[in-house]
Structure formats: structure tokens, C-alpha cells
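# Fold and contact review
So you can see what is in the structure, the chains are spelled out below.
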Amino acid sequence: MQESKPTDSVKVGIDKINFYTPNHYLDLIDLAEARGVDSNKYLVGIGQSKMSVAALDQDIVAMAANAAEAMLTDGERQEIGLLVVATESGIDQSKAAALFVQDLLKLTGNLRAIEIKEACYGATAGIQLACDYVRSHPGRKALVIASDIARYGLDTPGEVTQGAGSVAMLVTRDPAILVIEPESIYESRSTGDFWRPNYSTVAFARGKFSEEVYVGMFEELWEKAQELGLANPENLQALLFHIPFSKMGRKGLRTLGNGKISEADYARLTERFEHSIVYGKEVGNIYTGSIYLALLSLLENDNSLKPGDRIGLFSYGSGSVAELYFGTLQPGYRQRLDADGHRTLLDNRERLSMSEYEAMFSAELATDGSQQDLGRSDPAAGAPHYLASVKDHERQYR
Ligand code: CAA
């Protein structure tokens with residue numbers, strides 16, 4: 001349950017972080033009206049306001065490349081020795097999405113390119129793998145990209161918790177943003193709270209059960225962290241959660257209320273939690289990227305954090321794997337952020353009508369081997385990469 005690694009002096013962690021989300025969204029007030037639901041159920045009860053909707057040309061490969069493209073220098077492209085794409089919504093049963101992304105980002109061939117799957121936990125597995133990799137490979141860097149399109153289906157209970165987007169993170173030695181501690185606490189337990197059979201384009205979930213497992217695993221890992229002296233609340237300036245929808249993270253945080261930690265600590269963690277959900281409330285569920293979107297949201301929307309502050313991250317993937325780990329903000333972290341750029345990305349999205357959303361959601365790629373050319377859904381904004389066509393069952397990107 002606990003990770004104990006040799007503590008050497010090498011500091012590793014997140015050096016750069018960026019995100020991309022498609023340029024269409026559905027306003028959840030429109031969804032509530034169409035489904036005959038009180039809009040406060042979505043806005044307050046679920047805690048979400050909008051959700052990004054991906055057109056066919058922005059699949060998880062294109063989104064992943066778009067998230068990473070703007071943040072990488074030519075030098076870094078040469079130094080990347082590990083590329084991980086973590087996703088629940090992969091596009092191929094065999095070939096790793098990372099290989100398409102490697103090509104689009106013009107990375108060298110001298111790297112390991114792999115895809116990781118474990119529902120919403122995959123990117124955390126990727127981050128931990130990347131930290132180990134850069135610890136043991138001086139001079140090399142690792143790129144971890146979380147990329148997902150969350151789909152539960154039209155007019156289902158999960159519909160309001162959909163979304164689409166990617167978060168790209170460069171993991172290096174002496175990182176500028178967050179040094180990740182080698183010790184972490186984790187647990188795996190086979191549960192039937194969320195799954196997606198190979199033949200299904202939408203997930204199946206036991207939503208309430210999923211909330212129970214998530215909260216239960218958080219409580220267990222938190223207790224363990226207390227026993228090991230890893231999570232003294234006084235020394236924790238923020239606590240991030242996997243956020244499929246903001247209410248779920250809030251339920252995790254609330255377990256620390258009722259006197260479990262001091263009122264002052266609870267108030268501080270709650271205030272910072274509010275900053276961590278700003279982006280996610282407008283993007284929706286991006287599965288494995290959700291906790292890293294929360295990290296970016298916290299850093300770009302909170303002005304009170306400072307270098308040296310310690311942050312906890314509770315990662316959860318249905319099925320289920322959970323991990324609680326910690327990191328410390330670094331002196332240069334603010335210079336690495338792009339709050340204006342990310343706000344523009346969110347604000348410039350086009351609002352879809354219900355019928356446009358339903359048509360976009362229902363569109364499918366040809367599965368009979370015929371050629372299908374796709375239009376570009378995001379020609380002007382920051383999406384240089386897109387799926388251009390399918391032909392002979394193969395995806396062609398530009
Ligand atoms: N005003 C304010 N609040 C209201 C309201 C109103 N008018 N009407 C209802 N609410 C509140 C309810 O009281 C409830 O609050 P609590 O959760 O605090 O009790 C909340 O809104 C939701 O209402 P319901 O319980 O009636 O909602 P529901 O039955 O429609 O289900 C859901 C909600 C379970 C989240 C459902 O949307 C769902 O199944 N979503 C998909 C599953 C999911 O996202 N699971 C997340 C973890 S899994 C994951 O992240 C995937 C992964 O690992 C890849």
C-alpha cells in the first residue's frame with residue numbers, strides 16, 4: 001500500500017503543464033431544460049456548468065498532440081525518452097496512441113512510446129513511471145499526456161458528467177513547477193463501479209456505488225497517510241482530487257470536516273479546492289486528466305499559494321486504483337503558467353444547441369474500410385493537429 005523508494009537527492013516532477021479542450025461546448029442549463037431537470041441539480045447538485053464536446057476530428061490523439069504542441073521546445077523534443085498517453089478512450093486495441101502522438105509532435109525515435117489504461121487513474125500511473133524514468137536516466141525527460149472523451153450516452157444519468165480534453169505534462173529533473181515526493185500511498189481493488197466493454201462507445205457506471213468506493217478509498221489512504229506522518233494537514237496547503245464532476249471531489253474533501261482536521265486547515269483546503277474546480281466545471285469530465293486539470297486550475301486561479309507550499313493529490317480510477325501522493329511548489333512555477341491563454345481557450349469555444357450537440361455526439365467514423373474525410377472543427381483556434389480522414393480502417397492525422 002505504501003511506496004518506499006530510496007531517497008536520493010535527485011528532485012523530479014512536473015516542469016511544464018498545458019491543456020487543450022475542443023472548441024465546442026454544451027451549456028448545462030440547456031441540457032437541464034431539454035431533459036426536464038431542474039438546472040440547479042446540474043449546477044449545484046452535480047456542480048458543473050458546461051461540458052466540452054469533441055467533434056470527430058478531435059479524437060484523443062489529436063487532443064493529446066494539441067495539448068503538448070505549444071509547450072515543447074525543439075530541444076525538449078530531442079530529450080524526451082519516454083512518452084506516455086494515458087486514456088480510457090483509446091482509438092486502437094493494439095497500437096499505442098502515443099505512437100501517433102510521437103509522430104505529430106515530431107519527437108525522436110529514441111524513446112519508449114506507450115499507452116496506459118486504468119480508467120481515471122492512468123495518468124497518475126504515467127506520472128509515477130515518468131518520475132522513476134527521469135530519476136534513472138540523467139539527461140532525459142518524459143512526456144505524460146492524459147487524453148479522454150467521457151461518454152455515457154444521450155439522456156442517461158451520466159450524460160451531465162461528460163466532457164473532453166487533454167492535459168500534457170513534461171516530467172524532468174529539477175522541475176520548475178512541482179517536485180513530486182518519492183513516497184506515496186496506493187491501493188488497488190477490483191470493483192464494478194465503472195467499465196466499458198470493447199464493443200461499447202459509452203461507459204457503464206454504477207454512479208452511486210462509484211461515489212462510495214471513491215470516498216471510501218480516499219478515507220483509507222488518508223488514514224494511512226496520517227499513520228505514516230505523510231499528510232499532516234498543517235503542512236498541506238492544498239489537496240487535489242480526481243474531479244469527474246466537482247461534487248464528487250467535494251464529497252471526498254468533506255470527509256475531513258466534522259473535526260477530523262482543524263477548522264483552520266479545513267477552511268484553507270476548502271478555499272483552495274474552489275480554485276481547483278474552476279476549469280473542470282467548464283470542461284466537464286476528462287477522466288484521467290481531471291486531477292491534472294484541477295492542478296492547473298488551482299495554480300492559475302489561486303494567488304495565495306507560494307513556492308515551498310506542499311500539495312496533496314488524490315487520484316482515483318474506477319475499477320479501482322487510488323493513490324495519494326504529494327509535491328512541493330517550486331520557485332519558478334508562476335512563470336510556467338498561462339492563465340490568460342487558458343481562459344481564452346475556454347471563452348472562445350462555440351456554444352452548441354441541443355440538436356447540434358446530439359448530432360456531434362452521435363457522429364461516427366466509418367467502420368467498413370471506406371474513405372471518410374473529416375471537416376476541421378477548430379480551424380482558427382489553437383488546434384494545429386486533427387484527424388483528417390479514415391481509410392482502410394486507418395486514421396490519418398495532420
Ligand atoms: N438542486 C440542488 N441539488 C440537487 C437538485 C436541485 N434541484 N436536485 C438534485 N440535487 C442533488 C442531489 O441531492 C444529489 O446531491 P448529493 O450527491 O450531494 O446527494 C445530486 O444533486 C445528484 O442528484 P441525484 O443523486 O439524483 O443524481 P443522479 O441519480 O442523476 O446521479 C450521478 C448522479 C451518479 C453522478 C450520475 O450523473 C452518474 O452516474 N454519473 C456517471 C458516473 C460517474 O461520473 N462516476 C464518477 C466516478 S467514475 C469516473 O470518474 C470514471 C473513471 O474512473 C474513468
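Residues numbered from 1 in each chain as written. Predicted model: local features only at pLDDT ≥ 70, side-chain atom pairs only at ≥ 80, totals over all residues. Heavy atoms only, no water.

## Regarding the overall build of the protein
Filter applied, for reference: Secondary structure elements are defined from DSSP: runs of H or I of at least 4 residues count as helices, runs of E of at least 2 residues count as strands, and each element is numbered from the N terminus. Only C-alpha atoms enter the radius of gyration; for comparison, a globular chain is expected to reach 2.2 Å times N to the power 0.38, where N is the number of residues. Only protein chains enter the accessibility calculation, which uses a 1.4 Å probe; a residue is then buried when its area is under 20% of its type maximum, exposed when over 50%, and partly exposed in between. In this analysis, two residues are considered to be in contact whenever any of their non-hydrogen atoms come within 4.5 Å of each other. Here the accessible surface of atoms and residues is derived via Shrake-Rupley with a 1.4 Å probe, and residues count as covered only by protein chains that are part of the display.
Looking only at helices and strands, the protein features 13 helices and 19 strands. Its C-alpha atoms give the protein a radius of gyration of 20 Å, within 12% of the compact-globule value 21 Å for 398 residues. C-alpha atoms of the protein, sized along the principal axes, occupy 60 × 55 × 40 Å. Buried residues in the protein amount to 60% of all 398 residues. Considering only contacts within the protein whose residues lie at least 6 apart along the sequence, 77% involve residues at least 24 apart. For the protein, the computed accessible surface area is about 15,800 Å², with 47% contributed by carbon and sulfur atoms.

## A look at the site of the ligand
Put simply, the rule is: For this purpose, a residue is taken to be near a molecule or strand whenever a single non-hydrogen atom of the residue falls within 4 Å of it. In protein, a polar contact requires one atom able to donate a hydrogen and another able to accept it; more generally it is a pair of N or O atoms within 3.5 Å, and residues adjacent in sequence count only if both atoms are side-chain atoms. For this scheme, ten residues count as nonpolar: Ala, Val, Leu, Ile, Met, Phe, Trp, Tyr, Cys and Pro. Four count as charged, namely Asp, Glu, Lys and Arg, and the remainder, Gly too, count as polar. The source of the domain bounds is an automatic or database domain assignment.
Around the ligand, a shell composed of 26 residues is seen, among which C120, P157, K208, K247 and K251 lie nearest. Within the backbone of S318, an N or O atom sits 2.8 Å from an oxygen atom of the ligand. Here the ligand, which alone exposes 1,100 Å², has 74% of that area covered by the protein. Elements with a minimum of two residues in the shell around the ligand: α2 (39–46), α7 (207–227) and α8 (246–254). Taken together, the residues of the shell around the ligand sort by class into 11 nonpolar, nine polar and six charged. Residue assignment places the shell around the ligand across two domains, with domain 1 (12–179 + 337–397) and domain 2 (185–332) each supplying three or more.

## So, helix α13 (residues 354–362)
Put simply, the test is: The arc under discussion is defined with respect to the helix axis, by the directions toward the C-beta atoms.
Among all positions of α13, only M354, Y357, M360 and F361 are buried. Along the axis of α13, the buried residues cluster in a sector spanning 130°; they form a single face. Where the residues of α13 are buried, they touch β3 (24–27), α1 (28–35) and β4 (50–52).

## Examining the packing of aromatic side chains
Counted only if it meets this: Only rings of Phe, Tyr and Trp enter the pairing, Trp through its six-membered ring, and a pair is recorded when the two centres are within 6.5 Å. The plane angle decides the type: under 30 degrees is stacked, over 60 is edge-to-face, the rest tilted. We count a charge as sitting over a ring when the NZ of a lysine or the CZ of an arginine lies within 6 Å of the ring centre and within 35 degrees of the ring normal.
All chains considered together, the criterion is met by 14 aromatic pairs. Judged by centre distance (6.1 Å) and plane angle (65°), the ring pair of F241 and F314 falls under edge-to-face. Of this pair, F241 sits in strand β13 (residues 238–241) while F314 sits in strand β14 (residues 310–317), and the two are 73 residues apart along the sequence. Residues F241 and F314 agree in their burial class; the two are buried. Connected via pairs of aromatic rings, a cluster forms that spans Y214, F218, W222, F241, F273, F314 and Y316. Of note, K50 hangs over the ring of Y25, and the distance from its end group to the ring centre comes to 4.8 Å.

## Digging into unusual backbone geometry
The peptide bond linking G319 to S320 adopts the cis configuration, its omega dihedral lying at 5°. Despite not being glycine, K106 shows a phi value in the positive range, around 55°. As for its placement among the helices and strands, K106 is situated in the loop between α5 (97–104) and β6 (112–116). When its relative accessible area of 68% is taken as the criterion, K106 is described as exposed. Here Y287, not a glycine, exhibits a phi torsion of approximately 45°, which is positive. When you line up the elements, Y287 lands in the loop between α10 (278–283) and α11 (290–301).

## Points about helix α3 (residues 60–69)
The element α3 is largely enclosed, with a buried count of nine among its 10 residues. The N-cap residue of α3 is D59: its side-chain oxygen and the backbone nitrogen of V61 are 3.1 Å apart.

## Observations regarding the sheet that holds strand β16 (residues 350–351)
Convention followed: Only strands joined by at least two bridges in the DSSP assignment are considered to pair. Note on method: axes are straight lines fitted to C-alpha atoms, helices fitted across the in-contact stretch only, with angles between N-to-C directions ranging 0 to 180 degrees.
Strand order in the open sheet made by the three strands is β4-β3-β16, with mixed pairing throughout. Looking at the sheet topology across the chains shown, the edges are occupied by β4 and β16. When β3 meets β16, the two strands line up parallel, connected through two bridges. Residue H24 lies in a different strand from β16, and its bridge partner there is E350. Packing of α1 onto the sheet brings it into contact with β3, β4 and β16, and relative to β3 it is tilted by some 55°.

## Topic: the environment of L170
Note that L170 resides in strand β8 (residues 163–173). Considering only alpha carbons, one finds L170 and A68, 102 residues apart in sequence, at a separation of 8.7 Å. Apart from residues no more than four positions distant in its own chain, L170 is found in contact with G13, I14, D15, K16, M71, L72, E76, I80, K141, A142 and L143.

## As for the side chain of Q58
As for its placement among the helices and strands, Q58 is situated in the loop between β4 and α3. Engagement of the side chain of Q58 in a polar contact is seen with the backbone oxygen of H385, the distance being 2.9 Å. In this structure Q58 touches Y20, M63, N66, I149, S377, A383, H385 and Y386, once residues within four positions along its chain are discounted.

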